[in-house]
Each structure stands twice: as structure tokens, then as C-alpha cells.
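Architecture at a glance
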Amino acid sequence: MALVEVQVPDIGDFDEVTVIELMVKVGDTVKAEQSLITVESDKASMEIPSSTAGVVKEMRVALGDKVKQGSIVLVVEAAGAAAAPSATAAASTPPVMASPSSVIATATPASGLAVTEARQSSAAPATPAASGPVQVRVPDIGDFKDVAVIEVMVKPGDTIKVEQSLITVESDKASMEIPSSAAGVLKELKVKVGDTVNIGDLLAILEGAVSSVASPVAAAALATATPTAVIASEAKQSQAPTSALGLPRADGARNDAASVASAHNPTVTPSVGLPHASPSVRKFARELGVPLDEVKGSGLKGRITADDVQAFTKAVMSGAAQTKAQAAKAPAGSGGSELGLIPWPKVDFAKFGPIERKEMSRIKKISGANLLRNAIMIPAVTNHDDADITDLEAFRVSTNKENEKSGVKVTMLAFLIKACVAALKKFPEFNSSLDGDALIYKHYYHIGFAADTPNGLVVPVIKDADKKGVLQISQEMGELAKKARDGKLGPADMSGATFTISSLGGIGGKYFTPIINAPEVAILGVCKSTMEPVWDGKAFQPRLMLPLSLTWDHRVIDGAAAARFNAFLGQILSDFRRVLL
Ligand code: CAO
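Below: a short report on this structure. Not measured: the values here are computed from a predicted model. (Residues numbered from 1 in each chain as written. Predicted model: local features only at pLDDT ≥ 70, side-chain atom pairs only at ≥ 80, totals over all residues. Heavy atoms only, no water.)

1. Details of the pairing of strand β28 (residues 522-526)
Summarising burial for β28: five of the five residues are buried, a large majority. Covered by surrounding structure in β28 are Ala522, Leu524 and Val526 together with Ile523 and Gly525, the residues of both alternating faces. Sheet topology places strand β27 (residues 499-503) next to β28; four bridges connect them, and they run parallel. Pairing of Ser502 across the sheet is with Gly525, part of β28. Alignment of β28 against strand β30 (residues 540-553), held across five bridges, turns out to be antiparallel. (Buried < 20%, exposed > 50% of the residue type's maximum accessible area, 1.4 Å probe, protein only. Helix = DSSP H or I, 4+ residues; strand = E, 2+ residues; numbered from the N terminus. Pairing = 2+ DSSP bridges.)

Structure representation (C-alpha cells):
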């Protein structure tokens, strides 16, 4: 085993480039040609591969460091026979090391780029013509076959200039724009996103075109493999044989013929508008179906890393974020177009007075999407009723007096939970869920209660409420409500509810229409109890009346059943002994 210092290879005319991505860390086992770091100048970025297989022992560069040819990137304990015999061996093997495995120039397409070998090519990039149709073909893209078209930048009817980028192609390690070798009006595009292309493939037909490819040599220059030309500027990039895609050429041939500055060598660039990410990250994103242009890059200069793609995926999967496509499908995002509704009104509020825009909390975004779905998808009806809780409230108050020292305060909501369990047992469809054309009847009674928190509405769940007494339910509710306010509820605290109660009793109001918490089929809304004159057949009596609002899914429950449910609930609340029956 020998320690090998892996150096930055010849990177053309660039004096210093910045390390913008570390792709390995100490302890990693790397293969030969595996990308180690990504460096970037103001014109290009590229991945620097390892010349040696082995285990990374030491990182010699950090993010933001400036490096140049010969800078030591890291130290590898080389594996097997391929290991360099000494620490200096790595530095002395430039052809291997000096092969940036991927080069992505950032702007300035062909400018300053040189093509080093006017190798004749059968690619026939464009058929020169003063007018009439001109075929634009894929030039020599080195040893690469079947590269994918990831972006089409023009459309029929566009007036194309010489050197204007037509498409972007990408291999698994590099991407590049293919420019037009001729000017004219684009009559026909022969490729689309997702196609794979090879050297010589017909890309487009231009009309009225005047090809700028004046000579076979120049034409060949277009089609020539352009080793370090992708980042070098003049004639000095003959040290590191690479393909046009910036990858090491299989034949290891040196492109040391006279450099020919060409306006149309394929420039290896992430096209303008493409997200700032390495080809490997773009490939990773494509495999996951992640729209890279929606991912926020955390790397230097906003570069998107594999971690960013992973974090984005997690956020979407957990519902914390939406892709633009999802948002467009959601009625809220589409302004209802999915439902055939007219678009959501767009008003420039600032025209009418000062405004302030604030992002909604994460909870609000998530609950909002759920509420919208439930409101739209459930044919919900609400029945309002009143329950006489005069005696129950007196009992509650006396119980609290007796239990003052226990620290547990019994609330009306705890009684309501118990009363609802009794009603759910009597009317089991209220404790069910729809499953296609069938109903799932649950033989457990987990009751959710809506809790108002500074960040929005959450619904903690009292599990097995049928097996718990009012005191225990009160205690658990207190704990869950505190957790909710502190933002400490876990998924287990909020899952499994079979029925939900939303109590605004501590606040006020008379009746409201709560939205069912799918896949439940009913929800009970409760408002503030008030003393009211109730006719007992002989006289008006002052009774404490609790307003109830029961919303139910009409696919599962009929109006008569809902009325019976409310009436039964009212009976229990007016005489809680019935719970025992
Ligand atoms: N009628 C009259 N008074 C009531 C009442 C009712 N129906 N329900 C509760 N009260 C009283 C309580 O007795 C308490 O009074 P005291 O302090 O004098 O004892 C006071 O109102 C406050 O009660 P509370 O709200 O702290 O306790 P709770 O058990 O009733 O409710 C909780 C707990 C977590 C459900 C509640 O704090 C909450 O968040 N409610 C809002 C739920 C909500 O937002 N629903 C709407 C969902 S749809 O957007």
C-alpha cells in the first residue's frame, strides 16, 4: 500500500479555479477515474477524477479553496498493483490524472474555446448552401454514443444564427450544447427531448441558410474531438487528452495539431437556464423524477448537490413541499382549472394600499391542502342541534373542585369524547371509513380533537377513548394540547383517529360547519354553551345549552342517521348516566 497524492491535472489556461464541491471524504474507497471534486472558474466547471483506486486518507482541499494545476487534492492509500509507488508518482502521471471527467462551461459558448485538431469527420455538420435547405448534424462528440437530448432550445420558425445553441446533450458525466453551424430559419427539428443522438445524426433543417463553415477544415473543426478545449482558451490545451465531453479519450490520443479557433465546436456547457448542477447530479435527479430547476442549490454559488436533490425529494414525499407540477394539478395551485372553474382572481393588492407578504407556516400549508381536498371531495352535510348540559356542567365543576389537588382539570371536551364514543358504538357507520365500494368498520375508538396552535391547526388523538375514564382523558388531552402548542407532537400523536371533535367552546360562537378529517366520515363541532330559556312543557327553564354541529359524509351516512346521532348525543350529555347503558 502506498500513499498517493492526487493532484489537479492540466486544466488549460485557467490559473486558479475554485473548489465548489467535494464528492468524497476521508475513509471513502474511490475507484480510478471516480470524480473527487468539482472546480469552477468563471467560464467552466469540471469534475476532477482520481488517477488511483484506493482509500481516501486525507483531504487537502476544502470548499472555496483556490487550486491550480499541480495542487494536491487529496491523499489516497492506493490499492493493489495500480498503486503509485511513491507519493510523487501521482503527480507524474498527468495523462491519467489530467482528465477532467466532466466539464461544464457556464456561459460564453464557443468564445475563447479552441479546437485542437482539425480531424476530418464524416459528421458533415452542415451542408453549406447560399439558400435552400441545410442539414445540421451532430458533430464529433468524441467517444460518446447515444447521448441523451435533455433540452431543445429552438423551435421551427426560429431564425437561427451561426453558433447558436440548438440542443443540449448529456452523458452520465458531462453535458454540452450543440450549436448550429449555419444561419437560417429553422424549418424542421429532427430531435426531441429524450431522444438519443450520435455523431452524424440529423438535428435540424434550416432554410435560407448561409453556412459559416467555409471550408472542409473548418467544418471538420466543428466535428473534432476537443479535449481540453472545453475549458482552455487558445492553443495550449494539448496536455490532457479528453473527448469533446471532457472525458478521457479511449485511445489516449493527444490532440496536438494546430489549434483552430472555431465558432462552432460543441461547447460543454450547462445551457443557459439549465440548473447549476453537475451531470451526475442531474442524472440522479432525472432518475428520481426531481425537477432540478425547482431545487435550491446549497453549494457554492448556488450549485445543486446530490444532498439538495435528496432533501427536495424528502420534502415532497413528506408533503412539506410540492413540485410545480403537483401545485398545478392541485385545485389551489391551478386556481380551479382542474375542476373546470374560472381562474383564481389575481389582484395587485399593492395598488389599493400598503401590503406585506408572509409565507404560511408549514402546518398551515399541509393542513390547507388536506382541508381543501376534504372539502371538495366529500359530499358533506352539517346538522345543528343543542344539548342540555346543565347537570353535566354542574357535575364537571364539582368534580374539578374535588380534584383540585390532583392538578387534572376536567373539561367539557373530555365528557364529549366519552359521549361520542357511546354514540359511535350505537351508530357504527360514524366510526367507519370508505374503501372503494366498501366500508371499513373500526372496532377501536380513537378520538381526534382539533387544537389551535400558534402555527396552525393540529389534531392530536386520544387513543382507545372507550377504555379510558374522563379523568384520564382530561389528563391526556392536557398533555397533548401542550405538546401541540409547543410544536412537539409526533406523527404517532396525530394518527389513527376514527372520529374528530372540533371544540370552539372556550372561544365562542354558536354553530359552524367543520370539515371532515378524511378518511373519517364525520366530525363534531362544538361551540360555547349559553344559558337559554328552554320550554319544559309548562314553563321556560334556564338551561345551559351546548350547540352541536355534526358534519357527515353523505356517501356513508344518511340525514336521518345524523339526526339520530345528534339526538342520542344530546340525551347522553343531558344525563351522563346513559353512557353506562
Ligand atoms: N362552552 C362553554 N365554555 C367552554 C366550552 C363550551 N363548550 N368548552 C370549554 N369551555 C371553557 C372551559 O371550561 C374553560 O373555562 P375555564 O378556564 O373557566 O375553566 C375555557 O373555556 C377554556 O377551555 P379550553 O379551550 O382551554 O379547553 P378545552 O378542553 O375546551 O379545549 C383545546 C382544548 C385544545 C381543544 C382548545 O384549547 C382548542 O385549541 N380549541 C380550538 C379548536 C379549534 O381551533 N377548532 C376549530 C377547528 S376548525 O378550524
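2. Some points on the sheet that holds strand β1 (residues 2-7)
One open sheet holds the four strands; their spatial order is β1-β8-β6-β3, and the pairing between them is antiparallel. Of all strands in the sheet, those with a lone pairing partner are β1 and β3 (29-30), marking the two edges. Across six bridges, β1 lies against strand β8 (residues 72-78) in antiparallel orientation. Its bridge partner being in β8, Gln7 is matched across the sheet by Ile72.

3. A look at the pattern of salt bridges
What the rule picks out here adds up to 18 salt bridges. A salt bridge links Lys190 to Glu188, with the nearest nitrogen and oxygen atoms 2.5 Å apart. For Lys190, a relative accessible area of 36% puts it in the partly exposed group. Of the charged contacts, one joins Lys365 and Glu359 as a salt bridge, the two residues approaching to 3.0 Å between their closest N and O atoms. (Salt bridge = Lys/Arg side-chain N within 4 Å of Asp/Glu carboxyl O.)

4. Notes on a nonpolar patch on the surface
Together, Leu339, Leu341, Leu372, Ile376 and Met377 make up a nonpolar patch on the protein surface, roughly 460 Å² of accessible area in all. The residue Met377 is located in helix α7 (residues 362-377) in this model. (Patch = residues over 30% accessible without salt bridge, like charges linked within 9 Å, V, L, I, M, F, W, Y side chains within 5 Å. Areas by Shrake-Rupley, 256 points an atom, 1.4 Å probe, with all protein chains shown as cover.)

5. Quick look at the site of the ligand
Surrounding the ligand, one finds 18 residues, the nearest of these being Lys409, Asp452, Ser502, Cys527 and Ser529. Within the contact set of the ligand, an oxygen atom lies 2.8 Å away from a backbone nitrogen or oxygen of Asp452. Alone, the ligand offers 960 Å² of accessible surface; in the complex the protein occludes 66% of this. Listed by contribution, the elements that provide at least two residues to the shell around the ligand are β24 (451-453) and β27. A class-by-class count of the residues in the shell around the ligand yields eight nonpolar, six polar and four charged. (Near = heavy atom within 4 Å. Polar contact = N/O pair within 3.5 Å; in protein donor to acceptor, adjacent residues only side chain to side chain. Nonpolar A, V, L, I, M, F, W, Y, C, P; charged D, E, K, R; others polar.)

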